[in-house]
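Here are the chains, one letter per residue:
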Amino acid sequence: MCIAIPAEVIELKDGNIAVIDYGDLQQEVRVDLVDVSVGEYVLVHVGFAIQKLSKEEALETLEIFKQVYDAMAEET
């Protein structure tokens, strides 16, 4: 199974590179597959932004990931 994680684009660099923010982590990713602007949200998979998302979709998905992580932490 493959998982793509939502993140906000916080900076665009030369060479189709964007700096994205996951909340606790910032990372450079390739944006060859999408046309994005600073402030937009994307799904990131293996270092590539593969799709744009609305802010609402991104935040909802991140909340679901948080709930799953919290539930898993409670089991240990």
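Conventions and cut-offs
All residue numbers here refer to positions counted from 1 along the written sequence of the relevant chain. Under the rules for a predicted model, residues below a pLDDT of 70 receive no local features and side-chain atom pairs below 80 are neither given nor counted, while totals for whole chains, interfaces and linings still include all residues. Excluded from the side-chain calculation are hydrogens and water; included are all heavy atoms of the structure. By convention in these notes, a salt bridge is any Lys or Arg side-chain nitrogen within 4 Å of a carboxyl oxygen on Asp or Glu. Secondary structure is summarised from DSSP: a helix means a run of H or I of at least four residues, a strand means a run of E of at least two, and numbering begins at the N terminus for each. For every residue, the accessible area (1.4 Å probe, protein chains only) is compared with the maximum for its type, and the residue is labelled buried under 20%, exposed over 50%, or partly exposed between those bounds. One bridge is not enough; two strands pair if DSSP finds at least two bridges between them. By nonpolar core we mean a set of buried residues, namely Ala, Val, Leu, Ile, Met, Phe, Trp, Tyr and Cys, connected to one another through side-chain atoms within 4.5 Å. Should any heavy atoms of two residues lie within 4.5 Å, those residues are counted as being in contact.

Draft legend 1. Up close: the pattern of salt bridges. Applying the stated rule across the entire model yields four salt bridges. For Glu40, the salt bridge identified is with Lys52, shortest N-O distance 3.5 Å. Of this pair, Glu40 sits in the loop between β3 (26–30) and β4 (41–45) while Lys52 sits in strand β5 (residues 48–53), and the two are 12 residues apart along the sequence. Using a relative accessible area of 27% as the deciding quantity, one classes Glu40 as partly exposed. Taking relative accessible area as the criterion, Lys52 reaches 39% and is therefore assigned partly exposed. Put simply, Lys66 and Asp70 hold a salt bridge, and the shortest N to O gap is 2.8 Å. Taken together, the positions of Lys66 and Asp70, both in helix α1 (residues 55–75) and four residues apart, correspond to about one turn of that helix. Exposure remark for Lys66: the relative accessible area of 45% places this residue in the partly exposed category.

Draft legend 2. Examining the pairing of β3 more closely. Inspection of the sheet shows strand β2 (residues 17–21) paired to β3 by five bridges, in the antiparallel sense. The residue bridging Ile17 from the neighbouring strand is Arg30, located in β3. Following β2, the chain reverses through four residues before pairing antiparallel with β3; Gly23 in that reversal takes a positive phi of roughly 115°.

Draft legend 3. Quick peek at the nonpolar core. Formed by Ala7, Val9, Ala18, Ile20, Val29, Val31, Val34, Val36, Val42, Val44 and Ala49, the largest nonpolar core amounts to 11 residues. Among the secondary structure elements, those contributing two or more residues to this core are β1 (5–13), β2 and β4. Apart from the residues lying within four places of it in its own chain, the contact partners of Val42 are Ile5, Pro6, Ala7, Val9, Ile20, Val34, Val36, Ala49, Gln51, Lys52 and Leu53. In this structure, Tyr41, Leu43, Leu53 and Ala58 belong to the second largest nonpolar core, which totals five residues.

Draft legend 4. Expanded view of the pairing of β4. By the criterion of burial, β4 is predominantly enclosed, with four of the five residues buried. Connecting β4 to the next strand, β5, in antiparallel fashion are two residues, including Val46 with a positive phi near 45°.

Draft legend 5. Local environment of the environment of Asp14. Structurally, Asp14 is set in the loop between β1 and β2. Considered as a pair, Asp14 and Lys55 are 41 residues apart in the sequence and their alpha carbons are 24 Å apart.

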